[in-house]
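# Descriptive analysis of the structure
Now for the letters of each chain:
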Amino acid sequence: MENFKDELIIEIKNLSKNFKNLKAVDNLNINVFKGDVFGFLGPNGAGKSTTIRMLLTLIKPTKGNIKIFGKDLQKERLSILRNVGAIVEKPDFYGYLSAYKNLEILSRISGHDISKQRIMEVLELVGLAERYKSKVKTFSHGMKQRLGLAQALLHDPELIILDEPTTGLDPMGMKEIRDLIIHLSRDQKKTVFLSSHILYEVEQVANRMIIINKGTARVEGAVKELLDASNLSVTFEVNNVEKAKTILLNTTWNQKLKGITNNKMEFSIDNNDVAMLNRFLVENGIDVSSIIPTRSLEEYFLKITEEAS
Amino acid sequence: MKIIILFLLISVTEIFPQQKIADELINAVITNYNRVKDYEVDVEIKVDVDFLKVPDSKAKIYFKQPDKIRLKSEGFALLPKEGLDFSPAALTRKDYTAIYEQDVMLNGIKTSLVKIIPVGEQSNIILSTLWIDPVNKVIRKVESTTKTNGTFTIELYYNDSSKYPLPEKMVFSFNIDKLNLPKAFSNDGNPPSKRKRIPDAPTKGNVIVKYSNYKVNIGIPDSVFEEKQ
Amino acid sequence: MITLINIELYKIFKKWRTYIGFIAIGILVPIIHIAMVFEGKNTIDFMTRNIQQSFVFVGNLLNTYLISYIVLTSLTVHIPFLITLVAGDLLAGEATAGTYRLMLTRPVTREKFVTAKFIAGIIYTNLLILWLALMSLVVGYFIFGVGELLIIRGEMIIIFEQKDVLWRFLCAYGFASLGMTVVASLAYLFSSLVENAIGPIVGTMAVIIVFVILSAINVDLLQSIRPYLFTNYISSWQLFFDDPIDMPEILKSIGVLALHVVLFFGATLIIFKRKDILT
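Now for a quick tour of the structure. (Residues numbered from 1 in each chain as written. Chains lettered and ligands numbered in written order. Predicted model: local features only at pLDDT ≥ 70, side-chain atom pairs only at ≥ 80, totals over all residues. Heavy atoms only, no water.)

### A closer look at the overall build of chain B
Looking only at helices and strands, one finds 5 helices and 12 strands in chain B. The buried share among the 229 residues of chain B stands at 45%. In chain B, the share of contacts with a sequence separation of at least 24, taken over all contacts with a separation of at least 6, comes to 55%. About 12300 Å² of surface is accessible on chain B, with carbon and sulfur atoms providing 53% of the total. (Helix = DSSP H or I, 4+ residues; strand = E, 2+ residues; numbered from the N terminus. Buried < 20%, exposed > 50% of the residue type's maximum accessible area, 1.4 Å probe, protein only. Contact = heavy atoms within 4.5 Å. Areas by Shrake-Rupley, 256 points an atom, 1.4 Å probe, with all protein chains shown as cover.)

### What to know about the overall build of chain C
Scanning chain C from N- to C-terminus turns up 12 helices and 3 strands. Relative to a compact globule of 279 residues, whose C-alpha radius of gyration would be 19 Å, chain C shows 21 Å and is just as compact. When the backbone C-alpha atoms are referred to their principal axes, chain C occupies close to 70 × 45 × 25 Å. Looking at chain C residue by residue over its 279 residues, the buried ones come to 57%. Counting only contacts in chain C whose residues sit at least 6 apart along the sequence, the fraction spanning at least 24 positions is 79%. By element, 72% of the accessible surface of chain C is carried by carbon and sulfur atoms, the whole surface being about 11000 Å². (Rg over C-alpha atoms; globule rule 2.2 N^0.38 Å.)

### Remarks on the interface of chain C and chain A
Tallying the contact residues gives 30 residues for chain C and 29 residues for chain A. Here chain C and chain A share an interface that buries about 2700 Å² over both sides, 60% of which is from carbon and sulfur atoms. Broken down residue by residue, the surface that chain C buries against chain A is led by Arg-101, Arg-106 and Pro-107 of chain C, which jointly contribute 26%. Residue Lys-17 of chain A pairs with Asp-276 of chain C through a salt bridge whose shortest N-O separation is 2.8 Å. Across the chain C-chain A interface, the total number found is 16 residue pairs in polar contact (both at pLDDT 80 or more). Within the residue set of the side of chain C that touches chain A, elements represented by two or more residues are α1 (2–14), α5 (89–97), α6 (100–103) and α12 (247–274) of chain C. Considering each element in turn, the side of chain C that touches chain A owes the most residues, 7 residues, to α1 of chain C. Residue classes in the side of chain C that touches chain A are distributed as 12 nonpolar, 7 polar and 11 charged. (Buried area = accessible area lost by both parts, 1.4 Å probe. Salt bridge = Lys/Arg side-chain N within 4 Å of Asp/Glu carboxyl O. Polar contact = N/O pair within 3.5 Å; in protein donor to acceptor, adjacent residues only side chain to side chain. Nonpolar A, V, L, I, M, F, W, Y, C, P; charged D, E, K, R; others polar.)

### Let's talk about helix α3 (residues 99–110) of chain A
Spanning 12 residues, α3 of chain A covers 17 Å between terminal C-alpha atoms, matching the ideal 16 Å at 1.5 Å per step. Within the span of α3 of chain A, buried status applies to Ala-99, Tyr-100, Asn-102, Leu-103, Glu-104, Ile-105, Leu-106, Ser-107, Ile-109 and Ser-110 of chain A. Buried positions along α3 of chain A lie against α4 (116–125) and α5 (141–153) of chain A together with α1 and α6 of chain C. Positive backbone phi, approximately 80°, marks Gly-111 of chain A, located one or two places after α3 of chain A. (Expected span 1.5 Å × (residues − 1).)

### Thoughts on empty space enclosed by the protein
Scanning the model with the defined rule gives 6 cavities of 30 Å³ or more in all. When its volume is computed, the second largest cavity comes out at roughly 80 Å³. Elements represented by at least two residues in the lining of the second largest cavity include exactly β6 (84–87) and α5 of chain A together with α6 of chain C. Among the residues forming the lining of the second largest cavity, the class breakdown is 6 nonpolar, 3 polar and 4 charged. (1 Å grid on protein atoms, 1.4 Å probe; cavity = no way out; pocket = protein on both sides within 12 Å on 5 of 7 lines; lining within 4 Å. Points joined across faces, edges and corners; volume = space filled by probe spheres on them.)

### Examining the pattern of salt bridges
Residues and elements named next belong to chain B. Within this structure, the stated rule accounts for 36 salt bridges over all chains. Measuring nitrogen to oxygen at the nearest pair gives 3.8 Å for the salt bridge that ties Lys-60 to Glu-40. Linking Lys-60 in strand β3 (residues 57–64) with Glu-40 in strand β1 (residues 38–49), this pair joins segments that are 20 residues apart in sequence. Judged by its relative accessible area of 26%, Lys-60 falls in the partly exposed class. Of the charged contacts in the structure, one is a salt bridge between Lys-110 and Asp-103, with a shortest N-O distance of 3.3 Å. For Asp-103, a relative accessible area of 33% translates into the label partly exposed. When salt bridges with common partners are traced through the structure, they connect Glu-40, Asp-42, Lys-60 and Lys-215 into a single cluster.

### Side note on a nonpolar patch on the surface
Residue and element names in this part refer to chain C. On the surface, Ile-34, Val-37, Phe-38, Ile-123, Leu-127, Leu-130, Leu-134, Val-138, Tyr-141, Phe-142 and Ile-143 cluster together into a nonpolar patch covering about 1100 Å² of accessible area. Of all the secondary structure elements, the ones that give two or more residues to the nonpolar patch are α2 (17–54) and α7 (110–144). Sort the elements by how many residues they give to the nonpolar patch and α7 lands first, with 8 residues. Following the sequence through the fold, Val-37 ends up in helix α2. (Patch = residues over 30% accessible without salt bridge, like charges linked within 9 Å, V, L, I, M, F, W, Y side chains within 5 Å.)

### As for the arrangement of the chains
Of all 2 pairs of chains sharing an interface, the pair with the highest contact count is chains B and C. Between chain A and chain B there is no contact, and the shortest C-alpha to C-alpha distance separating them is 43 Å.

### So, unusual backbone geometry
Here the amide bond leading from Gln-65 of chain B into Pro-66 of chain B is cis, since omega sits at -5°, within 30 degrees of zero. As for its placement among the helices and strands, Pro-66 of chain B is situated in the loop between β3 and β4 (68–72). For the bond running from Asp-243 of chain C to Pro-244 of chain C, omega is 0°, close enough to zero to count as cis. If you trace the backbone, Pro-244 of chain C turns up in the loop between α11 (231–234) and α12. The phi torsion at Glu-89 of chain A lies on the positive side, around 50°, for a residue other than glycine. You can see Glu-89 of chain A is positioned in the loop between β6 and α3. Assessed through its relative accessible area of 33%, Glu-89 of chain A is described here as partly exposed.

### Details of the packing of α3 of chain A against α1 of chain C
When two helices pack together, their arrangement is given by the angle between the helix axes and the distance between those axes. At a minimum axis separation of 9 Å, α3 of chain A and α1 of chain C run at an interaxial angle of 155°. As judged from the angle between their axes, α3 of chain A and α1 of chain C are roughly antiparallel. Judged by the twist between their axes, the crossing of α3 of chain A over α1 of chain C is left-handed. Only Thr-3, Leu-4, Asn-6, Ile-7, Tyr-10 and Lys-11 of chain C of α1 of chain C make contact with α3 of chain A, whose side of the interface consists of Lys-101, Ile-105, Arg-108 and Ile-109 of chain A. Class assignment for the residues of the contact of α3 of chain A with α1 of chain C results in 5 nonpolar, 2 polar and 3 charged. (Axes fitted to C-alpha atoms, helices over the stretch in contact; angles between N-to-C directions. Parallel < 35°, antiparallel > 145°, perpendicular 65-115°, else oblique. Left-handed = near helix turned anticlockwise from the far one by under 90°.)

### So, the pairing of β4 of chain B
On a regular strand, each side chain points to the face opposite its neighbour's, so the side chains alternate between the two faces of the sheet. Residues and elements named next belong to chain B. Pairing of β3 with β4, which is carried by 5 bridges, proceeds in the antiparallel orientation. For Phe-63, the partnering residue across the bridge sits in β4 and is Ile-69. Counted along the chain from β3 to the antiparallel partner β4, the turn is 3 residues long. (Pairing = 2+ DSSP bridges.)

### Focus: the packing of aromatic side chains
All names here are of chain A. Per the counting criterion, the structure on display carries 32 aromatic pairs over all chains. Measuring from centroid to centroid gives 6.2 Å for Tyr-100 and Tyr-132, while their planes differ by 80°, and the two rings are edge-to-face. Note that Tyr-100 is positioned in helix α3 and Tyr-132 in the loop between α4 and α5, a separation of 32 residues in sequence. Residue class for Tyr-100 comes out buried when judged on its relative accessible area of 13%. (Phe/Tyr/Trp six-rings, centres within 6.5 Å; stacked < 30°, edge-to-face > 60°.)

### Examining the environment of Met-174 of chain A
All names here are of chain A. Among the secondary structure elements, Met-174 is positioned in helix α6 (residues 171–186). On the basis of relative accessible area, Met-174 is assigned to the partly exposed category, the value being 24%. Along the primary structure Met-174 and Gly-142 are separated by 32 residues, whereas in three dimensions their C-alpha atoms are 9.8 Å apart. Other than its neighbours up to four places away in sequence, Met-174 contacts Thr-166 and Leu-169.

Take a look at the structure:
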């Protein structure tokens, strides 16, 4: 995935939001470049939705500044929003109207001249063309999610903001959304700002990401770099820990042993050494029942997710 | 009480000659009026009463001897009961005692003042005074005091060149003591009408009726008087 | 703006609750008509019993004008409820449905959004009053015909000539529209504050009922508050049925009601512009 480093699409500076006693977002700084699929990660309650709502002017920041397409969001809201498509949390529609009618109303409000053909095109893209006449109140959660995506894409915006777009979808649906995001970025050169609480999901599609917790940024950078830099740890589940310890004692593997829990031995090694270590243990009479790799990023993310819940 | 005092007064003065004159006057008026067998007339009614705001109305009155009378209108019309039937026979239908009092001038015309006292308790009228024009044999004015509705006055104006003793104008004036308007559909919470009244004050009023286009003795069928009002 | 208003009207008339008002009036008014077919003469007799003692009158007093007048007086609490049903849902309903997120992320200013909804709500209000007028006057005309209008105002009996009545009703219904617009504005204001339509509906009706009760209690202190309660002016449509017409009082009432609309709507605009959308 390319990024055009000279064109900032989203520029968030020192963004803060306080609700009475709660600091929901605290001094957040984010830069999103044109063509990025930017992963905005954090456990539930980290401040992701609040930030997205501020990006979309649903909430006013307490402090800080947001620029989109190089324009100040407070001053040029209308011209900015004309070029932004978004899903905020669970997509809700007018249940008593059909899918088609909902999209038609939204396009008319936005002042976009959207043809019937375009509406059907977008419904086709998200797999809802056959149900265009059905009232939205008859839709499943997954279908509403797809319709949410449809309304975000309807007017062919330059920036697409997706707040947990795969929530409630089955694995097939999740994959379809991920493929769509990649298509939007790679083929249509859109910029996508994607929030999620699933690291794996973000890894699959994003090129840059930030992890926030309790309203502040914790980790940020290019996804590949973060993952490469993130130390891999591999947990070997063995049948005889004592024997394995003895065998490893005088080898270089011992330095890489991080810890032992029951019959699980955690090593700080990279992908390439896994097979070698496995062979070494087996050849020395140790049965290995499972090998589980984890990255410190994932661990870190899991840890803060646990804390949040 | 009034009746007793009057009786005593009358018994002191010579009652019989007064009564005889009175009866003669009244009979002359009735005979004159009986030339009219029936009539149909257009009326214009103007109401000017304290507690009543009513638009001027147009109607037709039908009369047939001896006592058939009917008010008809395309729209709305309001007429005092005693003014609907002003035939002298109406005034004298029940038993009464009539006393001639004196001659007085009324609007430049010499009239004879006759007092009529209804006999018996049925009548609503306690006492009536008639101003009778002996020359033209018409009643020019009536003043009656009623039991429940105060005093009213009827002034009748005639076209002297007219063949029949039928008025061209009647002014009905009255004075009643108490007023009992139903509160239904009037809201205490509302801004009061601009025309303010002091409640329970004596009510005054005038109704002026103009008669025109008399059609007399045309043979009005009874069916005209049979329709429901 | 026209597009927005059309969309809001479309949404209003796609909801079943909108039709409750029309159906209610469509049932209530004919019931009153039927009652008057049987009891109308007694009503007239009752109203005119005093003049019947001394007067004879003819005329079609039991006509559509009298009945429409009665309908207008007896429905001054019912109609506000039907208004709040829709007006209270205009904003709160979006919160309940979760559609604020959808609408307010469009390139439309919040002012336009709020104004368009408000105008749509006013249109609904006026349509409901128009429906009331049609059901009363027009349906009544076919059953009872026209004639003079007899009303009792305080100590006066006033009878209006047939040709002098219709324009008064048109003004009265127009005035009633304004009164109901105040009710709609208040419900709308409450609607901007909460996330559920029940609150604004109950809240607005509570305000109206409390104000009406306060106005009715004959205690000096409360009577001095009366001129400041907008409910006091909503029934001023009756001023059109007076002779002569108290124009200054009517204009004052119109001014007070219009001012309330401006204040309530203005407050709504300010609140909504600053509101954080959390639903």
